[in-house]
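Here is what each chain is made of, one letter per residue.
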Amino acid sequence: GRNMGINCWDERVDFQAAFLQTLAKYVPNIYSAEMDPLLEKQEEMAQIKIFDPLEWYLFREDPDVCLEKLRQCGASQLCGKVFKGGETTYSCRDCAIDPTCVLCMDCFQNSIHKNHRYKMHTSTGGGFCDCGDTEAWKTGPLCTNHEPGAASTTKAVQIIHKEKEKTDHYYCVLFNDEHHSYDHVIYSLQRALGCELGEAQLHTTAIDKEGRRAVKEGPYVSCQETKEEIKRHSENVSQRPLHVEVLHADVMAHQKFALRLGSWLNKLMSYSSDFRQIFCQICLKEEADSEKPCLISMLMLWDAKLHKGARKILHELIFSSFFMEMEYKKLFAIEFVKYYKPLQKEYISDDHDRSISVTALSVQMFTVPTLARHLIEEQNVITVITETLLEVLPEYLDNNDKFNFQGYSQDKLGRVYAVICDLKYILITKPTVWTDRLRVRFLEGFRSFLRILTCMQGMEEIQRQIGQHIEVDPDWEAAIAIQMQLKNILLMFQEWCACDEDLLLEAYKECHAAVMRCSTSSQSREKTVLQLCGHTLESKRYRVSVDPVSIHLPLSRTLAGLHVRLSKTGAISRLQEFEQFQVELLMEYPLRCLVLVAQVAAEMWRRNGLSLISQVFYYHDVKCREEMYDKDIIMLQIGASFMDPNLFLLLILQRYELVNAFKKIVPTKDQDLTKQYNILIEEMLQVLIYVVGERYMPGVSSVTKEEITMREIIHLLCIEPMAHSAIAKSLPENENNETGLEKVINKVAVFKKPGVSGHGVYELKDECMKEFNMFFYHYTKTQHSKAEHTQKKRRKQENRDEALPPPPPPEFSPAFSNVVKVLNCDIMMYILRTILQRAVQLETHLWTEAMIQMVLHLLCLGLLEEKQQLEKAPEEEVTFDFYHKASRMGSSALNALNILMLLEKLKSVPQLEAQKDMINWILQMFDTVKRLREKSSLVATAATTSGSETTKGDETQSTQDKEKAERKRKAEAARLHRQKIMAQMSALQRNFIETHKLLYENTQETQGREDSVMEEESIPLAIDSSKIALGPKRGPSITEKEVLTCILCQEEQEVRLESAAMVLSACVQKSTALTQHRGKTLELSGGRYLSSAKNISCSCSLLRTHFSDVCFTLSVKSPIKMPLYPVKLISANFSRILPVIGCQVTKVVGERRKQIIFTCPRPLADRYFSSPLATYSVLL
């Protein structure tokens, strides 16, 4: 057979014609049995009849011998293994240029990376091992299996299209798609073919694996009928019919052989670099004077029309040829970008997974740094990708040219995300060297990208529902999903811009112009004037609660990101080049967004349904916040740095719709409205804290990314110790899916190994506790409460006060230095003073404890700022006068007290007991700042060092003096209070005795009898195991010398049987704390009794006959510490009956929960012991 083949394909004969004749002759016969093929026989026949002669013709010797020679001398440096679905891949976190650089298992096990930090993934199929690619790895690009080798020089042959011979034999072929389920296809085949379940399952499995299957063979008419039947049974209201075609038997055979030929070429090219190069040259060759694309481009453009099996072969062919030769990989990439738009459009309208689409090859080219730069410079790839997005998304544009994804197709939009991913791949590695051409092309791409952001700016606007609840929740997932996809791309664009100062400024101008176009187009012309504290603001009329508002503002947020990068490079001074820099317009939309979030928290948007709540959740969530919430805070900081601080706060008050809440002194009677105002005030104060206090952003202050990550971790661990995975989930990921956690975790935390069960956790180091900021802007409300509780509990255990002031924040960079002026401006003082005044006047409906906490926090920030400035510069140079403003009297009657006076008064407000330590800390800080100012002016001429030392000494002395004076004042107040109460009680007692003379005489007569009874009972007896405390079988009582203080006259008296009657006490409590018979049932009889199982603290040995057998249990709960006279706690609740008792307390049990037992004459028990303020029980 081989000799015949060689003779046939003699050099004198036209090889192409001979080869095609051979195919026409043998292929239909080899692959004739399509319905029930004998695969081994088909393979053997193809090898003997076609491939053996072909290989002998090519090599001129035994193919096995020749290929072995090629293998030995032409081993490739690149691995090039194509991954199958489900195969394990490895990526080195230390050495990979980006997360898309992966190794197969063999290369990984034989590389240096197995000893590094690595990640394992399961391939979806179609990937490519990057071993040997020097641009994919920082170190160790080669494993030991792929050392460099020489290439051979052997000629290959061009294989061209095959002709098809016509017969009357046809197949009905069913093709795979991703819309119909297995069961649906099986059902349709059973109904259409009338076949058994097993046969239908066999067909369906083959279709899913190979992409197509012949389900019927016969004449054309018969196959056509079967096609219509399958379509009819598979079609329904929600689904289109299955894809079925009738193909000639010879066409099927030649197609099958074409795939086998592709596999043969794959094998051949793995032997030699020259084979690969020749194949690539032929595929890239364009016909002269023809507009037709080259062969490889034609194959790519046909990709979407091919079935799954053919696509896999084609992709493997590209991998084994173009991607194994760097020069040809570049040429292939150029062809790929040239046809990028039609390829992506085909993919978006296709119904196959991305893993089996030729567009998935983009990751292999766009992530190679040198190739990516070349494609940007020469092919303008950024613009090509963004324009593709603009061409595939117009169907989602509304009348205002803004995206609106209502009623979107999830599958179709999911395919658009693939185009967005390509943008991420091309930007993943920043260029180290910028050429003029690269700069021009990048800016061109950035402008095109801004057009996409312009369509997103203000998209899907919402309006507050009033009266009626929204009928259908709008679709919100698509817009948020695109926001998530774009998060890292937005950050990468900003990082690319920041590489070069001129480029950054140019990009800033473009972005600023785009924001201004969006802002001015929808601005209302009506203006409103607001006046407060002598300051006037004129602004556009707008209310978030009435007018449309959007949470999507990527343009504004990109501008904020570019602004902080300008600040970081110092090029911010060049902003004067702008003709119109209207900062009020720039911060308007982010401010509206923050107000919307506040109003949602105040439940003003309840009628808008769950979609808005979900959007607000993602607005703050770690997946989105970097390019949503964080940037809005930065934009407000930009506003505060450029605007007059009073006008800035007036604008904030106006947008939060709180002007009336601060102007009106008369309280409103509408409780819901009051609650709404209170939440809005809290939300506004919180945002103001973030604006002046949140400085951990490169550019806002001089901090590094590592310091930002450390701060995030510190605040997470301040809530509770956490596992590594929990911390990682709570940190934002960069474009390489890294959080930066491992670099810094050991600086701030200690790992505690797990015990027998559970998992290991990180605990915060003690020295990092001081960095805790209660109002950290990434805390949710739950995290805030939990962190506050944890930190207060920790400080209490350490016997420290519970004040939690903020740590001194880093200094603002020069561009943001004006932000601190917001703290000491007139409007801020007015806001702080008004809230404190309301708390002091106990207008309980107009303030909350949370509000006071925030006011105290702002006071702390102001004082810390002034203290820091005074420590750095002489007093006369420090213009930040927070102390002076806060200690100045207010002008109106409402503000007659200054903030210092109000704080002193706040200490006596019972509802703010928990804030006392914080108030004391602030008062001490006021004193410190005052002394710093005085000391600074006194020692202005002295040396700086000695001055600061003296200041610290005086500060300590001042604190001690203040504490002593405070203690003395409290002691004097307590003494006066005691005297006043004693006088009142004496008068009541005298009055009562006068009224009930007869009762007191009877009491004296029976005293003798009572004493004798008690003396008998007190004789020591043998210790009974039951230990009865009261009743006929009462056990012995141990008499101890006990001196108690009378709560009426404060005189001390010894408790003795001979003495006059006193208040008798017995603490009755259902408890087994003191019993010696825990868990046992005591068999006792006779009369009424109390057993020790019920914890009798002392026996009622002083009961008198004229006194009731009634035993009262009184429980007093109070945190007040009164070590000398705990019994006084009763006086407030029982002032009416205390004069009756005229007695002492024999026993007080417990510290925090105090229990006092007493008896009284029966007639008075019923009359006086009915106070609702105490809890007592009667035991007869």
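- The protein chain is annotated in an unreviewed UniProt entry as E3 ubiquitin-protein ligase of Chelonoidis abingdonii.
- Its UniProt record gives the protein chain a comment under Catalytic activity (unreviewed entry), which states: "S-ubiquitinyl-[E2 ubiquitin-conjugating enzyme]-L-cysteine + [acceptor protein]-L-lysine = [E2 ubiquitin-conjugating enzyme]-L-cysteine + N(6)-ubiquitinyl-[acceptor protein]-L-lysine."

1. Details of the overall build of the protein chain
Here's step 1: Secondary structure assignment for the protein chain yields 43 helices and 17 strands.
Here's step 2: Counting over 1180 residues, the protein chain shows a buried share of 51%.
Here's step 3: Considering only intrachain contacts with a sequence separation of at least 6, the fraction spanning at least 24 residues in the protein chain is 77%.
Here's step 4: For the protein chain, the accessible surface area stands at approximately 57500 Å², while carbon and sulfur atoms represent 51% of it.

2. Focus: the side chain of Asn176
Here's step 1: In this fold, Asn176 is placed in the loop between β3 (170-175) and α6 (182-193).
Here's step 2: When sequence neighbours within four positions are dropped, the list of residues in contact with Asn176 reads Ile207, Asp208, Gly211, Lys308 and His352.

3. Considerations on the packing of aromatic side chains
Here's step 1: Summed over all chains, the structure comprises 31 aromatic pairs.
Here's step 2: Judged by centre distance (6.0 Å) and plane angle (75 degrees), the ring pair of Phe336 and Tyr340 falls under edge-to-face. Each member of the pair, Phe336 as well as Tyr340, carries the same accessibility label: buried.
Here's step 3: Here Phe403 and Phe405 contribute two aromatic rings whose centre-to-centre distance is 5.6 Å and whose plane-to-plane angle is 35 degrees, an arrangement assigned as tilted.
Here's step 4: Its relative accessible area of 2% is what places Phe403 among the buried residues.
Here's step 5: Counting every residue linked through ring pairs, the aromatic cluster contains Trp434, Phe442, Phe446, Phe449, Phe493 and Trp496.
Here's step 6: In this structure, Arg415 packs its charged tip against the face of Tyr347, placed 4.8 Å from the ring centre.

4. Focus: the sheet that holds strand β4 (residues 212-218)
Here's step 1: Strand order in the open sheet formed by three strands is β4-β3-β5, and the pairing between neighbours is antiparallel. Looking along the sheet, the strands with just one partner apiece sit at the ends: β4 and β5 (244-248). Each adjacent strand pair in this sheet contributes to an overall mean axis angle of 30 degrees, direction not counted.
Here's step 2: Where β3 meets β5, five bridges bridge the pair, whose relative direction is antiparallel.

5. Comments concerning the nonpolar core
Here's step 1: One finds Phe322, Phe366, Phe405 and Leu903 to be the most contacted residues of the largest nonpolar core, which totals 268 residues.
Here's step 2: Per element, the largest residue contribution to this core is 13 residues, and it comes from helix α23 (residues 583-601).
Here's step 3: Once you skip the residues sitting within four places of it in the chain, Leu903 turns out to touch Leu836, Leu856, Leu859, Ile919, Ile922, Leu923 and Phe926.
Here's step 4: Counting 17 residues, the second-largest nonpolar core is a separate cluster that includes Tyr90, Cys95, Leu103 and Cys143.

6. Details of helix α26 (residues 645-655)
Here's step 1: Burial within α26 is extensive, with ten of its eleven residues counted as buried.
Here's step 2: By the burial criterion, the buried members of α26 are Pro645, Asn646, Phe648, Leu649, Leu650, Leu651, Ile652, Leu653, Gln654 and Arg655.

7. Concerning the state of the cysteines
Here's step 1: Tallied over the full model, the rule gives zero disulfides.
Here's step 2: Of the cysteine sulfurs around Cys131, a residue in no disulfide, the closest is that of Cys143, at 3.6 Å.

8. Some points on the packing of helix α9 (residues 249-269) against helix α10 (residues 273-284)
Relative placement of two packed helices is described by the angle separating their axes and the distance separating the axes.
Here's step 1: Where α9 meets α10, the closest approach of the two axes is 8 Å, and the angle between their N-to-C directions is 135 degrees. Taken together, α9 and α10 sit at an angle that is classed as oblique. Contacts between α9 and α10 involve Leu265, Leu268 and Met269 from the former and Phe275, Arg276 and Phe279 from the latter.
Here's step 2: Partitioned by chemical class, the residues of the contact of α9 with α10 number five nonpolar, no polar and one charged.

What counts and what doesn't
Residues numbered from 1 in each chain as written. Predicted model: local features only at pLDDT ≥ 70, side-chain atom pairs only at ≥ 80, totals over all residues. Heavy atoms only, no water. UniProt positions renumbered as here; feature names shortened; annotations may be inferred. Helix = DSSP H or I, 4+ residues; strand = E, 2+ residues; numbered from the N terminus. Buried < 20%, exposed > 50% of the residue type's maximum accessible area, 1.4 Å probe, protein only. Contact = heavy atoms within 4.5 Å. Areas by Shrake-Rupley, 256 points an atom, 1.4 Å probe, with all protein chains shown as cover. Phe/Tyr/Trp six-rings, centres within 6.5 Å; stacked < 30°, edge-to-face > 60°. Lys NZ or Arg CZ within 6 Å of the ring centre and 35° of its normal. Pairing = 2+ DSSP bridges. Axes fitted to C-alpha atoms, helices over the stretch in contact; angles between N-to-C directions. Core = buried A, V, L, I, M, F, W, Y, C linked by side-chain atoms within 4.5 Å. Disulfide = S-S within 2.5 Å. Parallel < 35°, antiparallel > 145°, perpendicular 65-115°, else oblique. Nonpolar A, V, L, I, M, F, W, Y, C, P; charged D, E, K, R; others polar.

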